[in-house]
Amino acid sequence: MCRLKLRLSSREVATIQKPRKPQPTLQNTQSSLTAANNHVPDHELTLPGIAEILMNRAHARNSLGRVLVNELFRVLESLRCDERIRVVVFKSEVKGVFCAGADLKERAQMNDTEVGHFVHRLRSLMDEIAALPMPTIAAIEGYALGGGLELALACDLRIAASSAKMGLIETTRGLLPGAGGTQRLPRCIGIGLAKELIFTGRQINGQEALSIGLVNHTVPQNDEGDAAYQRALTLAKEILPQAPIAVKMGKLAINRGIEVDIASGMAIEGMCYAQNIPTRDRQEGMAAFREKRPPQFIGE
């Protein structure tokens, strides 16, 4: 694997880790991408098919300012059509925080029109994350507040350390969630609980989040402070050997189907299934079953 860093400034970095292979879209943007292999643990170098988006804006606790948001858009653009990537993991390189939400210091310098435009861009960023064709996992080690939790909600799956703190706290700042929180939270945990958390601005820990269905798994934090990330990697490795097109079509069918009545949803499922029928992976799966061997899916 190679480590490709999107440098915002000497203090702001968004990072993507991907399998080693030439890619024109990255080579054409070397002014904003620099490659390095330093400080990368061995296990991060041996996971082809898993991309990691690492947020590292330590001085602002990964708050979502203009530059970080722009770099996240660029990272997502490079991932969207990359057939090599089967799972994406979002994590923080800042100890004790996943993402503290919007950069309110930066926002205080904006006029009302600028605020409206920026919040719209934040909402678009979350939509882009949700629209990635491959499964996405948020590894939440510490605070995921406001826009930080909205980012996690835009992912398909969420893993949290038991000590993590999560909440849509906007009402405590005179705001309301504006990057998808009012829509994705009730779809995740139900309307009543979502209203309670948004109305109160309450923060909950990882165990509480698991009990209400906000996260898929919670794990005790370890001495290294990366327990959620390690559990996310385990889950990613469980997804990795499955048929990529079938997984993508399953994601699409769920995401589109949940927005409509069940009859329309069944039609969407049928269309997604039809796209999977002519794939080589489907034929491989049937052959492997007959021959009593593990399938070898290639994403075609």
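Just above, that's the structure.
Across the interface, helix 5 (residues 147-154) lies against helix 6 (residues 181-189) with an axial gap of 10 Å and an inter-helix angle of 55 degrees. When the axes of helix 5 and helix 6 are compared, the pair comes out oblique. Helix-helix and strand crossings are classified by hand; for helix 5 and helix 6 the assignment is left-handed. Taken together, the residues of helix 6 that come into contact with helix 5 (itself represented by E150, L153 and A154) are G181, R184, L185 and C188.

Taken as a whole, this structure holds 13 salt bridges when the rule is applied. Among the salt bridges present, the one from D127 reaches R184, with a minimum N-O distance of 2.9 Å. Here D127 is found in helix 4 (residues 112-130), whereas its partner R184 is found in helix 6, with 57 residues between them in sequence. Looking at D127, the relative accessible area reads 38%, which means it is partly exposed. The salt bridge involving R293 is made with E291; its shortest N-O contact spans 2.6 Å. Residue classification places R293 among the partly exposed positions, given a relative accessible area of 30%. Residue classification places E291 among the partly exposed residues on the basis of a relative accessible area of 48%. Each of the salt bridges in this network shares a partner with another, and the network as a whole consists of E77, R80 and E128.

For the rest of this paragraph, the subject is helix 7 (residues 191-200). Within helix 7, burial applies to A194, L197 and I198. For helix 7, the angular spread of buried residues about the axis comes to 95 degrees, placing them on one side. Residues of helix 7 that are exposed and point more than 90 degrees away from the buried face comprise G192 and F199. The secondary structure elements touched by the buried residues of helix 7 are helix 6 and strand 11 (204-205). Downstream of helix 7 by a residue or two, G201 has a phi angle that is positive, lying close to 65 degrees.

As a further point, take the pairing of strand 4 (residues 50-56). With respect to burial, strand 4 is a largely interior element, 6 of its 7 residues being buried. As a crossover connection, the stretch from strand 4 through helix 2 (residues 66-80) into strand 5 (residues 87-92) is right-handed.

Mapped onto the secondary structure, R158 falls in strand 9 (residues 157-161). In this structure, R158 is buried with no salt-bridge partner, the nearest side chain bearing the opposite charge being D156 at 7.3 Å. With residues near it in sequence (within four places) discarded, R158 still touches A138, I140, A152, L153, C188, L214, V215, N216 and H217.

Definitions and cut-offs
- Residues numbered from 1 in each chain as written.
- Predicted model: local features only at pLDDT ≥ 70, side-chain atom pairs only at ≥ 80, totals over all residues.
- Heavy atoms only, no water.
- Axes fitted to C-alpha atoms, helices over the stretch in contact; angles between N-to-C directions.
- Helix = DSSP H or I, 4+ residues; strand = E, 2+ residues; numbered from the N terminus.
- Parallel < 35°, antiparallel > 145°, perpendicular 65-115°, else oblique.
- Left-handed = near helix turned anticlockwise from the far one by under 90°.
- Contact = heavy atoms within 4.5 Å.
- Salt bridge = Lys/Arg side-chain N within 4 Å of Asp/Glu carboxyl O.
- Buried < 20%, exposed > 50% of the residue type's maximum accessible area, 1.4 Å probe, protein only.
- Arc of directions from axis to C-beta.
- Right-handed = clockwise from strand over helix to strand, strands pointing away.
- Lys, Arg positive; Asp, Glu negative; His and termini not counted.

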